[in-house]
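Chain residues, written in single-letter form:
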Amino acid sequence: MDSDDLGLFGPGSVTWKVHEEPILIVAGLRSLYLQALHPRAMAGVAQNSNYRTDAWGRLVRTATYVATTVYGTTAEAEAAGSRLRRLHDRLRATDTLTGEAFRIDDPDLLRWVHVTEVESFLDTARRAGLPLSDDEVDAYYTEQRRSAQLVGLDPTTVPGTAAEVRDYYRGVRPQLRMTREAAETALFLTAPPLPWKLSLPVRLGLTLGPPRWAYLGLAGTAFALLPAWARRMYGGLGLPTTALSADLSVRALRLALAAVPRRYLEGPLIQAAKERAARRSAAPLVG
């Protein structure tokens, strides 16, 4: 096994350029708000997940999976995808609108989750100030077809350019609804229970502390970054000024995160990937 394997993407990829951005924590929340508008996707989560009782554990597992596919070795990424496919293969849910049973690994649902996730990553990074050309944007979507393949999708059926993503959203919007489950999920995402140590002051009857206010700020920014049509479905305004405020907020947050030493923001998967890349770069050429 190649100990310096650079995984599915590597340091020259647009994927690494985008995912180095700590601001993507906001993108993750944005994608969850967006995903909740799909009734079947929401039913699949609600009927097969303990996200309400283990919100932070689920968040950590999801972040670890994404980091593994982006920064892990090829073997690690493929193993993570295999575990996820086996899990999805066992799960079923019932459409709350039609009563029809469906598989969680239905390609249409997997595609919705994939597109909303990668589009949220890219849109948030760009609006936060990461310079990306139009060609790099298209390259990111094309690269991310590899991630889509890991979850069981045929990569040729996954949007691979910005234009294809716009067409995809245009086609899927008639299926989206503002359901009770979507509203409840949005409320939960905006004010989830804090981890025990952080929630202790509130349990003792003290005022909301910095962790709660900080999270509310993140959630508010993530919601404001949604496409105007998605905000309108939630009953919010789709005004250009909302998008402008979101852009200013996410840029300010990116600048604040830039002041934090990288060692505090990069997890072990990212650090290990960069070490492998450095060894590969320093290795003498053979032949």
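Conventions used here
- Residues numbered from 1 in each chain as written.
- Predicted model: local features only at pLDDT ≥ 70, side-chain atom pairs only at ≥ 80, totals over all residues.
- Heavy atoms only, no water.
- Helix = DSSP H or I, 4+ residues; strand = E, 2+ residues; numbered from the N terminus.
- Contact = heavy atoms within 4.5 Å.
- Expected span 1.5 Å × (residues − 1).
- Buried < 20%, exposed > 50% of the residue type's maximum accessible area, 1.4 Å probe, protein only.
- Salt bridge = Lys/Arg side-chain N within 4 Å of Asp/Glu carboxyl O.
- Axes fitted to C-alpha atoms, helices over the stretch in contact; angles between N-to-C directions.
- Parallel < 35°, antiparallel > 145°, perpendicular 65-115°, else oblique.
- Left-handed = near helix turned anticlockwise from the far one by under 90°.
- Nonpolar A, V, L, I, M, F, W, Y, C, P; charged D, E, K, R; others polar.
- Patch = residues over 30% accessible without salt bridge, like charges linked within 9 Å, V, L, I, M, F, W, Y side chains within 5 Å.
- Areas by Shrake-Rupley, 256 points an atom, 1.4 Å probe, with all protein chains shown as cover.
- Lys, Arg positive; Asp, Glu negative; His and termini not counted.
- Charge placed at Lys NZ, Arg CZ, Asp CG, Glu CD.
- 1 Å grid on protein atoms, 1.4 Å probe; cavity = no way out; pocket = protein on both sides within 12 Å on 5 of 7 lines; lining within 4 Å.
- Points joined across faces, edges and corners; volume = space filled by probe spheres on them.

A.B. asks: Please set out the overall build of the protein residue by residue, giving values where relevant.
C.D. replies: Of the regular secondary structure elements, the protein holds 15 helices and two strands. Considering only intrachain contacts with a sequence separation of at least 6, the fraction spanning at least 24 residues in the protein is 73%.

A.B. asks: Account for helix α2 (residues 24–35), naming residues and giving values.
C.D. replies: The terminal C-alpha atoms of α2 lie 16 Å apart, and with 12 residues this matches the ideal 16 Å at 1.5 Å per residue to within 8%. Here α2 lies mainly inside the structure; nine of its 12 residues are buried. All of the buried residues along α2 are L24, V26, A27, L29, R30, S31, Y33, L34 and Q35.

A.B. asks: Summarise the pattern of salt bridges; cite the residues concerned and give the values.
C.D. replies: Across all of its chains, the model carries 20 salt bridges by this definition. Of the charged contacts, one joins R111 and D108 as a salt bridge, the two residues approaching to 3.0 Å between their closest N and O atoms. Taken together, the positions of R111 and D108, both in helix α6 (residues 107–127) and three residues apart, correspond to about one turn of that helix. Taking the relative accessible area as the measure of exposure, R111 reaches 13% and is therefore buried. For D108, a relative accessible area of 49% translates into the label partly exposed.

A.B. asks: Break down the packing of α6 against helix α7 (residues 134–143) for me, citing the residues and quoting the values.
C.D. replies: Where α6 contacts α7, the two axes come as close as 10 Å, and the packing angle between them is 155°. Taken together, α6 and α7 sit at an angle that is classed as roughly antiparallel. Every pair of crossing elements has a handedness; the one defined by α6 and α7 is right-handed. Note on element contacts: α7 touches α6 through D134, V137, Y140 and Y141, opposite V118, E119, F121, L122 and R126. When the residues that make up the contact of α6 with α7 are grouped by side-chain class, the tally is six nonpolar, no polar and three charged.

A.B. asks: Before we move on, can you summarise a positive patch on the surface with the specific residues and values?
C.D. replies: Positive charge collects at one region of the surface, where R83, R85, R86 and R90 lie side by side. Owing to a relative accessible area of 47%, R86 belongs among the partly exposed residues under this scheme.

A.B. asks: For the layout of surface pockets, give the residues involved together with the corresponding values.
C.D. replies: Regions of empty space are outlined by a rolling probe, equal in size to a water molecule, passed over the atoms. Computed from the structure, the second largest pocket encloses a volume of approximately 290 Å³. In terms of lining residues, the second largest pocket is bounded by 14 residues, among which E119, D123, Y141, A162 and R166 are the most central. Within the residue set of the lining of the second largest pocket, elements represented by two or more residues are α6, α7 and α9 (162–172). Of the residues in the lining of the second largest pocket, the class split is seven nonpolar, no polar and seven charged.

A.B. asks: Describe in detail the packing of helix α4 (residues 55–71) against helix α15 (residues 268–282), supporting the description with residues and values.
C.D. replies: Contact geometry of α4 with α15 gives a least axis separation of 9 Å together with a crossing angle of 5°. Taken together, the axis directions place α4 and α15 in an arrangement best described as roughly parallel. Facing α4, whose interface residues are T64, A67, T68 and Y71, α15 presents L269, I270, A273 and R276. Broken down by class, the residue content of the contact of α4 with α15 amounts to five nonpolar, two polar and one charged.

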